[in-house]
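Topology and contacts: notes
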Amino acid sequence: MFSFEINLPLKSKATFYKNKFWWFGKSFLYGALIVLLLLCFYTFFKQYKKLSKSVLLKNGLRHINKFVEFDEESMIIIKLLLSEKEVPSTGILKIVEKEQFSPAHNERLKIQKIKDINLKVRALLGINIDVIQEKKSKYDRREKVYFILKRYFV
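Here is a short report on the structure shown in this document. In this text, all values refer to a predicted model and were calculated from it rather than measured experimentally.

Moving on, we come to the nonpolar core. In globular proteins that are soluble, nonpolar side chains generally tend to be buried together. Judged by nonpolar contacts, the single largest core of 24 residues is most densely connected at F70, L81 and V131. Top element by residues in this core is helix α4 (residues 103–125). It accounts for 5 residues. Here L81 is in contact with V87, I92, I132, Y146, F147, I148 and K150, once residues within four sequence places are set aside.

Right, here's the structure in full:
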């Protein structure tokens, strides 16, 4: 018979097909890498959000690398406001009330204490809104209730 042979230089040598395990291993590796990257981004994002909020300490507030010290009454007020959704005006008045002063003067002390807390927290966070706000009670429109914006705290 007639046979013809071509001897050309070899360009490349590779397998024509790959088995199923090779494709499974490669796809598993890429999937694991994507899951690991998503987990890293999620952890980084949570830490970043946590660092951007204020942390309540025993004697004050810490925000990033700044610290503001509060007196004992202010810390009690902040902890009370953070623990409850709304605090009636009488609840805060009981904390700052002095027996020797008149009710009108005690009310002024309460308002001044809240203004001092708001001023210090605004300076610490660098914001223009009051963190402790007031509104009228939905049960008794004559009474004010105080609440704190919890998005600024851990």
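Here the focus is the packing of aromatic side chains. The relation between two aromatic rings is expressed through the spacing of the ring centres and the mutual angle of the planes. In total, this model carries 1 aromatic pair according to the counting rule given. When the centroid spacing of 6.4 Å and the interplanar angle of 20 degrees are considered together, the rings of F24 and F28 count as stacked. One end of the pair, F24, and the other, F28, are both in helix α1 (residues 20–51), 4 residues apart, so they sit about a helical turn from each other. On the basis of relative accessible area, F28 is assigned to the exposed category, the value being 58%.

Turning to the sheet that holds strand β4 (residues 87–88), a few remarks are in order. Read from one edge of the open sheet, 3 strands run β4-β6-β5, paired in antiparallel fashion. With one partner strand each, in any of the chains shown, β4 and β5 (132–136) form the two edges of the open sheet.

With respect to the helices and strands, the residue V96 is situated in helix α3 (residues 89–96). When the C-alpha positions of V96 and F24 are compared, they lie 69 Å apart, and in sequence the two are 72 residues distant. Sequence-distant contacts of V96, defined by excluding residues within four places in its chain, comprise E73, I77, N106, L109, K110 and K113.

Inspection of every chain in the model, using the stated rule, returns 8 salt bridges. Residue E73 is joined to K113 by a salt bridge in which the shortest nitrogen-to-oxygen separation is 3.4 Å. With E73 in helix α2 (residues 72–83) and K113 in helix α4, this residue pair connects regions lying 40 residues apart in the sequence. For K135, the salt bridge is made with E86, and the minimal N-O distance between the two is 2.7 Å. Within this pair, whereas K135 is found in strand β5, its partner E86 is found in the loop between α2 and β4, the two being separated by 49 residues in sequence. Via salt bridges that share partners, D71, E73, K98 and K113 belong to a single interconnected network.

To continue, consider the sheet that holds strand β3 (residues 66–69). Taking strand neighbours across the sheet as the criterion, the 3 strands line up as β1-β2-β3 in an open arrangement whose pairing is antiparallel. The sheet is open, and its two edges are formed by β1 (55–56) and β3, each paired on a single side.

This next bit is on the pairing of strand β2 (residues 60–63). Pairing analysis gives 2 bridges linking β1 to β2, with the strands arranged antiparallel. In the strand pairing of β2, V55 is matched with R62. A loop of 3 residues connects β1 with β2, the two strands running antiparallel in sequence. With 4 bridges connecting them, β2 and β3 associate as antiparallel partners. From the neighbouring strand, R62 faces β3, where its bridge partner is F67. Linkage of β2 to β3, two consecutive antiparallel strands, is achieved through a turn of 2 residues, within which I64 is found at a positive phi near 55 degrees.

Rules used throughout
- Residues numbered from 1 in each chain as written.
- Predicted model: local features only at pLDDT ≥ 70, side-chain atom pairs only at ≥ 80, totals over all residues.
- Heavy atoms only, no water.
- Core = buried A, V, L, I, M, F, W, Y, C linked by side-chain atoms within 4.5 Å.
- Buried < 20%, exposed > 50% of the residue type's maximum accessible area, 1.4 Å probe, protein only.
- Helix = DSSP H or I, 4+ residues; strand = E, 2+ residues; numbered from the N terminus.
- Contact = heavy atoms within 4.5 Å.
- Phe/Tyr/Trp six-rings, centres within 6.5 Å; stacked < 30°, edge-to-face > 60°.
- Pairing = 2+ DSSP bridges.
- Salt bridge = Lys/Arg side-chain N within 4 Å of Asp/Glu carboxyl O.

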